[in-house]
Amino acid sequence: MDLTLMNYLMTMKSTRCNMYDLIKVCPNHEGAFDCTPFCRICEGNQEYESTGTLPCHYCYEEIDEDIWQEELGMCVECSNNYYDHEEM
């Protein structure tokens, strides 16, 4: 096999893997087909391109995905207000 062709194939393989790392299943519905075009994350496509942040359900502030998962879709401040039964 030609060395240039081999390099090309290796490049395509690594590019494809990186592309799949960026595409994630929408956490609002976890891949179900009941999402609507009004979804703020995937807009009804069931998948989205990850940027590392997601919007808070209440204040729409962009927060890290880890915090979004841990606080059930809310930023820390909105989560504290929600669970303390305070006005949001």
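Quantities reported herein were computed from a predicted structural model and do not represent experimental measurements.

Cut-offs used in this document
Residues numbered from 1 in each chain as written. Predicted model: local features only at pLDDT ≥ 70, side-chain atom pairs only at ≥ 80, totals over all residues. Heavy atoms only, no water. Helix = DSSP H or I, 4+ residues; strand = E, 2+ residues; numbered from the N terminus. Buried < 20%, exposed > 50% of the residue type's maximum accessible area, 1.4 Å probe, protein only. Contact = heavy atoms within 4.5 Å. Areas by Shrake-Rupley, 256 points an atom, 1.4 Å probe, with all protein chains shown as cover. pLDDT = per-residue confidence, 0-100. Core = buried A, V, L, I, M, F, W, Y, C linked by side-chain atoms within 4.5 Å. Phe/Tyr/Trp six-rings, centres within 6.5 Å; stacked < 30°, edge-to-face > 60°.

Remarks on the overall build of the protein
Link 1 in the chain: Scanning the protein from terminus to terminus reveals three helices and four strands.
Link 2 in the chain: What you see in the protein, going N to C, is helices and strands ordered as α-β-β-β-β-α-α.
Link 3 in the chain: Within the span of the protein, comprising 88 residues, buried residues form 26% of the whole.
Link 4 in the chain: Taking as baseline every contact in the protein between residues at least 6 positions apart, the subset at least 24 positions apart corresponds to 17%.
Link 5 in the chain: For the protein, the exposed area adds up to about 6,900 Å²; of that, 54% sits on carbon and sulfur atoms.

Some thoughts on the environment of Asn 45
Link 1 in the chain: Take Asn 45: it is sitting in the loop between β1 (23–25) and β2 (47–49).
Link 2 in the chain: Taking the relative accessible area as the measure of exposure, Asn 45 reaches 53% and is therefore exposed.

A few points about the confidence of the model for the protein
Link 1 in the chain: For the protein, the average pLDDT comes to 77, and 72% of its residues sit at 70 or higher.
Link 2 in the chain: At the level of individual helices and strands, the protein shows its lowest average pLDDT in helix α1 (residues 3–22), which scores 56, and its highest in strand β4 (residues 62–64), which scores 92.

With respect to the nonpolar core
Link 1 in the chain: Formed by 13 residues in total, the largest nonpolar core has its most connected members in Cys 26, Cys 39, Ile 41, Cys 42 and Tyr 48.
Link 2 in the chain: For Tyr 48, the contacting residues outside a window of four places in its chain are Leu 22, Ile 23, Lys 24, Val 25, Cys 26, Pro 27, Ile 41, Cys 42, Leu 54 and Glu 65.

Brief notes about unusual backbone geometry
Most peptide bonds adopt trans geometry, and most residues besides glycine take a negative phi value.
Link 1 in the chain: Although it is not a glycine, Glu 43 adopts a positive phi angle of roughly 55 degrees.
Link 2 in the chain: As for its placement among the helices and strands, Glu 43 is situated in the loop between β1 and β2.
Link 3 in the chain: For Tyr 60, which is not glycine, the phi torsion reads 65 degrees and is therefore positive.
Link 4 in the chain: Tracing the backbone shows Tyr 60 in the loop between β3 (53–55) and β4.

Thoughts on the packing of aromatic side chains
Link 1 in the chain: Under the counting rule described, the total for this entry stands at two aromatic pairs.
Link 2 in the chain: Between Tyr 82 and Tyr 83, the aromatic rings sit 4.9 Å apart at their centres with planes inclined by 90 degrees, giving edge-to-face as the arrangement.
Link 3 in the chain: The class for Tyr 82 is partly exposed, based on a relative accessible area of 39%.
Link 4 in the chain: Overall, Tyr 83 belongs to the partly exposed group, its relative accessible area being 46%.
Link 5 in the chain: Site record: aromatic cluster; members linked through ring pairs are Tyr 58, Tyr 82 and Tyr 83.

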